[in-house]
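In case you want the letters, here they are:
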Amino acid sequence: AERVFSPWKDTDEYMKTSRLLLSSLESNTPLKNFDIVGFSLQYELSYTTVLNMLYLGGIPHKSTDRFNSKKTLPIIVAGGPCTTNPLPMSAFIDAFLIGDGEDAVVELVNTVRQWKTGGDGKRETLLHMVSEINGFFVPAIHKNKQAVKRRFTADLNNSSYPVKLVVPYTAIVHDRINIEVSRGCTMGCRFCQAGMIYRPLRQRSPEKVLEIAKSSLMHTGYNEVSLTSLSAGDYPYLLKVIKDFNAKFGMSKTALSLPSLRVASVNKEVLKEIKSIRKTGFTMAPEAATERLRSVINKDFNSDDYERALNALFAEGWLNLKLYFMIGLPTERDEDVEAIRNMAVKALQIAKKNTGRFVNISITISPFVPKPHTAFQWCGQANIDEIKRKQKHLKDTLSAKKFKYKGHDNDMSFLEAVFARGDEKLSALIEKAWQSGCRLDGWSEMFDFNKWLHAMDKTGIDGHFYAERAFCKDGSLPWDDIDTG
């Protein structure tokens, strides 16, 4: 198994003019020479980059062109959360793995090996064989048949975990070791796709977490480890892991950080242990600013929980805090949006009371994107003009109070909703956008919404229809072929 990454735009252009093929990191083997090429679809705006990587690797980007080719070409598979609605990418991917990959990928490899050594050499035969592996959705075979059930790995402790990470030559977004301490979540937030599709809750033992940390640090030289989970504050061994980690790695000044925590799970003892080596940033995700709206989305904390968490944080000396909120949630009113400023001001007041110093408070605002397999899957996204109005109001009011405001790109969120809620007709839009020069759309400096609008005009596809449409509760959904449980 080897790794490959999309090139940045300068290398992309150089490869095309020099006729170089995109090749693997480990052995510099062109993609077209592999038996299997797999993509992890973490984000809808990566779709055009998949097409671009196939093209650069010497592989036809359409499944039908590969099927009809006389050449021996790799089978193209995809996993990750976006596969829970595979239809927009179904023209390009041969097989989608729904759910956890630890066991299923081994079965896939064995199946391809069996086909190569004892099969008839026909691509059609291989696709049929893959379609019989639990958890694999093969568009050419499964459409409108019995739904494919999601795979899940029962025991994380006995699953392999990557410890020899690629260490970059430059700073990257998550420039640290990430260790998954648990998978799944019991909180049931109604907007959260991950909380639904990664059920049931499974946990790694403290001993296994520390073993992974030791091996990863040895192989990379990083000096920060993040314990990741959908709800890290609810990991029952969190305090033990932090104490044992600090005892083992504290002398080397290796710091520990946590992802955004639920407000109600912020714990004073945990904060003391984290800061004992080196304070990293701290993030909380209230998501909604009024108790009414938090009740709608099933976010379980109240004003007293919020104040308690802030007092604990600033009493322990933190001077940097990020707060995440969403706008455009179902049933949202203007007073819900206004209350975001009130929550931010409350944080500032509590910070000054505890520290007597200026505290950096960053407020990140993201438009709500209704995702498949959630309680809000039938809801459409709020109209983009309405979202922009609310974003502008928040930016003006929060900036006036000296908060660091960051709003997620509205056009990106709009496209995310289009593809999250779309069907197979969107394959034409993805292809046209890629042909118009779209790739690496998740990076703001590469994102060009005008190219996407041009692609919509050329294909006749109305993005607003897909993003904003509401589904009938008893009607069919584009992702009905997928059973996440």
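Residues numbered from 1 in each chain as written. Predicted model: local features only at pLDDT ≥ 70, side-chain atom pairs only at ≥ 80, totals over all residues. Heavy atoms only, no water.

1. Things to note about the sheet that holds strand E6 (residues 177-180)
Across a sheet, strands are paired by hydrogen bonds formed along the backbone, either parallel or antiparallel in direction. With parallel pairing, three strands are arranged side by side in an open sheet as E6-E9-E10. The two strands at the open ends of the sheet, each matched to only one other strand, are E6 and strand E10 (255-257). Strand-to-strand twist across the sheet, computed as the mean angle between neighbouring axes with direction ignored, equals 25°. In the sheet, E6 pairs with strand E9 (residues 224-228) via four bridges, with the strands oriented parallel. From the neighbouring strand, isoleucine 177 faces E9, where its bridge partner is valine 225. (Pairing = 2+ DSSP bridges. Helix = DSSP H or I, 4+ residues; strand = E, 2+ residues; numbered from the N terminus. Axes fitted to C-alpha atoms, helices over the stretch in contact; angles between N-to-C directions.)

2. Re the packing of aromatic side chains
Per the counting criterion, the structure on display carries 13 aromatic pairs. Relative to phenylalanine 449, the ring of phenylalanine 414 has its centre 6.1 Å away and its plane inclined at 85°; by these criteria the two rings are edge-to-face. Placement of phenylalanine 414 in helix H15 (residues 410-420) and of phenylalanine 449 in helix H17 (residues 449-459) is noted, with a sequence separation of 35 residues between them. Both residues of the pair, phenylalanine 414 and phenylalanine 449, count as buried. With a centroid separation of 5.5 Å and an interplanar angle of 65°, the aromatic rings of phenylalanine 419 and tryptophan 452 are classed as edge-to-face. Within this pair, whereas phenylalanine 419 is found in helix H15, its partner tryptophan 452 is found in helix H17, the two being separated by 33 residues in sequence. Phenylalanine 419 sits in the buried class, given a relative accessible area of 1%. The class for tryptophan 452 is buried, based on a relative accessible area of 2%. Members of the aromatic cluster, connected to one another through ring pairs, are Tyr47, Phe419 and Trp452. One cation-aromatic arrangement involves arginine 294 over phenylalanine 301; the distance from NZ or CZ to the ring centre is 4.1 Å. (Phe/Tyr/Trp six-rings, centres within 6.5 Å; stacked < 30°, edge-to-face > 60°. Buried < 20%, exposed > 50% of the residue type's maximum accessible area, 1.4 Å probe, protein only. Lys NZ or Arg CZ within 6 Å of the ring centre and 35° of its normal.)

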